[in-house]
Every structure is written in structure tokens, then in C-alpha cells.
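Coordinate analysis (summary)
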Amino acid sequence: MNRKPTYLVTAGPTREPVDPVRFISNPSSGKMGFAVAREAKRRGARVILIYGPAALVPPRVDEAVGVRTARDMMDAVTGFIGEADVLVMAAAVCDYRPAGYSENKIKKGAGGLTLELVENPDILTEACKVKRPCVVVGFAAESGNLLENARVKLEKKHLDLIVANDITSPGMGFGSDYNAVAILDRDGNVENIDRTTKEEIAVRIIDRIESLLAG
Ligand code: CTP
């Protein structure tokens, strides 16, 4: 590719509201996606960052859009996908949301409380139906059978690369500055990256993306 590529990167968790004071979410900090966005920008790419609620300040990129729910994130991603040469879905999207939203705070009653959940759309799948960028990268957060599960996701979501990590490893992953990952590609290769900073992992991911763009 001769012109500079446009990267569309997602980061952080999504937040699915239950009532005005409660939500369902996960401990994603946004660090991994922010590191990818920052590194792509450093290499001269145009970068669009869509990020869920994060305590960290997002990096300076060309466009940054803060969103809350998975559906908001999907609208933002599908809105920008036409411009993207590369999609990196680092966000930890909530798979489920409450079936209903209570405008009033749910009061404590006798006994327990059962929440009905419905499935959120799969953002990767929906966005790639609008337009598939040249390179699509997904992440897999697994608590067992890491490589097998990651390979299934790579195939099912028609990804070029998947970055897999074992969320049960102590001192790494969600919220941490460090991670250890395996990058799987469509040719069956597995690149293992031992515990290192998320900045270094971003460098390695973008090296792989650049060689796919060049090929
Ligand atoms: N993803 C997405 N939309 C969702 C859920 C996940 O686009 N609604 C993306 C994530 O950003 C990630 C990839 O899909 O790049 C895999 O996410 P993961 O949560 O590991 O997989 P799921 O497809 O949700 O499968 P499961 O939770 O059953 O492991």
C-alpha cells in the first residue's frame, strides 16, 4: 500500500446499563487497544479509535470516539468501517446486556433479583458485512484451551490474525501493563510472545499487520 493506511481500533470495555446506578461490564482498562492505536499513529498511519469507558486518557489520534454500550460501539465501528484498511478489535465487548432498562433505581425487595439478559450483536461480524477491511485482527480472551479456542474464533469471524491470551495467568492481561499472547494467522502459524509490556505486544501486532498490507 503506497498511501498511509487507516486503522480503525477499538479499546476498553463496554458498559451495559441495568438502571441509573448499575451496569454490567468487565475489567478491561483499554491499555492494549490504546497501545495499538498509539503505535499505529507513531508509524504514520491515520488512526480512528473507538473506546469504551476507560480511566486512562486515550492517545492522540486522528479521530477518537468514546462510547458506552456494545450497540453504541457497533454504530461507531460500522460508521467508520468504510474508511478502514485495518480493523483491530481489541475491545472487550460485553456479550450480553440486560433485556430491559429500568428508568428508576431498582429497589431492594424480599429475596433475590433475577436479571434477564439478551445477546449483543457481534461487532466484528456486523462491521465486516458493511465492508471488510484488508486486514482484520481480533482478540481472544480465554480461560482454557487457548490455541484451540482462538483458532475456532479466527475461522468463525474470518479474521486474518487473532491475538490470544489466557486470562487466568496471574499479573497479566485485564487491567495489567503486561500480557503474554499468541498471535495466530490463517496459515496455521503461531507466534508466541512471552510476558512483556502491552506496548511491545502492540509493536509485534503492527509488524504483522504491516507485512500483510505489504503482501
Ligand atoms: N467481539 C465483537 N463483538 C462482540 C463480542 C466480541 O466484535 N459482541 C470481538 C472482540 O473484540 C474480540 C473477538 O470478537 O476481538 C473475540 O472476543 P471474545 O469475547 O474472546 O469472543 P466471543 O466471540 O465473545 O466468544 P466467547 O465469549 O464465547 O469466548
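Anyway, here's the lowdown on the structure attached to this text. (Residues numbered from 1 in each chain as written. Predicted model: local features only at pLDDT ≥ 70, side-chain atom pairs only at ≥ 80, totals over all residues. Heavy atoms only, no water.)

What follows concerns the overall build of the protein. What the protein contains, in helices and strands, is five helices and twelve strands. The globule rule puts the C-alpha radius of gyration for 215 residues at 17 Å, and the 18 Å found for the protein is close to it. Dimensions of the protein along its principal axes, counting C-alpha atoms only, are 60 × 35 × 30 Å. Looking at the protein alone, contacts between residues at least 24 apart form 61% of all its contacts between residues at least 6 apart. If you average the places of the 29 positive and of the 29 negative side-chain charges in the protein, the two averages end up 5 Å apart. (Helix = DSSP H or I, 4+ residues; strand = E, 2+ residues; numbered from the N terminus. Rg over C-alpha atoms; globule rule 2.2 N^0.38 Å. Contact = heavy atoms within 4.5 Å. Lys, Arg positive; Asp, Glu negative; His and termini not counted. Charge placed at Lys NZ, Arg CZ, Asp CG, Glu CD.)

Strand order in the open sheet formed by eight strands is 5-4-1-6-9-10-11-12, and the pairing between neighbours is mixed. The open sheet terminates on both sides in strands that have one partner only, identified here as strand 5 (63-66) and strand 12 (190-197). Shown here is a sheet whose adjacent strand axes are inclined to one another by a mean of 15°, direction ignored. In terms of strand pairing, strand 1 (residues 6-11) meets strand 4 (residues 46-51) through six bridges, oriented parallel. Bridge assignment links Thr6 to a residue of strand 4, and that residue is Arg46. Its contacts with the sheet put helix 1 (residues 31-42) on strand 1, strand 4, strand 6 (86-89) and strand 9 (135-142), and the angle it makes with strand 1 is roughly 160°. Packing of helix 3 (residues 123-130) onto the sheet brings it into contact with strand 6 and strand 9, and relative to strand 6 it is tilted by some 165°. (Pairing = 2+ DSSP bridges. Axes fitted to C-alpha atoms, helices over the stretch in contact; angles between N-to-C directions.)

The next point concerns the site of the ligand. The immediate surroundings of the ligand are formed by 14 residues, with Met89, Ala91, Phe139, Lys153 and Lys157 found nearest. The separation between an oxygen atom of the ligand and a polar main-chain atom of Phe139 is 2.9 Å. Expressed as a share of its isolated accessible area of 570 Å², the protein-covered part of the ligand is 77%. Here the shell around the ligand takes four residues from strand 9, the largest share from any one element. Considered class by class, the residues forming the shell around the ligand number nine nonpolar, one polar and four charged. (Near = heavy atom within 4 Å. Polar contact = N/O pair within 3.5 Å; in protein donor to acceptor, adjacent residues only side chain to side chain. Areas by Shrake-Rupley, 256 points an atom, 1.4 Å probe, with all protein chains shown as cover. Nonpolar A, V, L, I, M, F, W, Y, C, P; charged D, E, K, R; others polar.)

A few words now on the nonpolar core. In a soluble, globular protein the nonpolar side chains are often hidden away together inside. With 29 residues, the main nonpolar core has Tyr7 and Ile209 as its most contacted residues. Of all the secondary structure elements, the ones that give two or more residues to this core are strand 1, helix 1, strand 4, strand 6, strand 9, strand 10 (161-166), strand 11 (178-185) and helix 5 (198-214). Residues within four places of Tyr7 in sequence aside, it is in contact with Ala40, Ala45, Arg46, Val47, Ile48, Val86, Val88, Ile206, Ile209, Glu210 and Leu213. One finds Met74, Met89, Ile162 and Leu184 within the second-largest nonpolar core, a separate group that totals 27 residues. (Core = buried A, V, L, I, M, F, W, Y, C linked by side-chain atoms within 4.5 Å. Buried < 20%, exposed > 50% of the residue type's maximum accessible area, 1.4 Å probe, protein only.)

Attention now goes to helix 2 (residues 70-80). For an α-helix, the turn length of 3.6 residues means that residues three or four places apart are oriented alike. For helix 2, the set of buried residues is Ala70, Met73, Met74, Ala76, Val77 and Phe80. In a view along the axis of helix 2, the buried residues occupy a sector of 165°, so they form one face of it. Exposed and facing more than 90 degrees away from the buried side of helix 2 are Asp75 and Gly79. (Arc of directions from axis to C-beta.)

All right, on to unusual backbone geometry then. Positive phi values are uncommon outside glycine, yet Asn145 reaches one of about 45°. As for its placement among the helices and strands, Asn145 is situated in the loop between strand 9 and helix 4 (146-156). Among the residues examined, Asn145 registers a relative accessible area of 55% and is labelled exposed. Here the phi dihedral of His158 falls at roughly 50°; this positive angle occurs in a residue that is not glycine. Within the secondary structure, His158 is located in the loop between helix 4 and strand 10.

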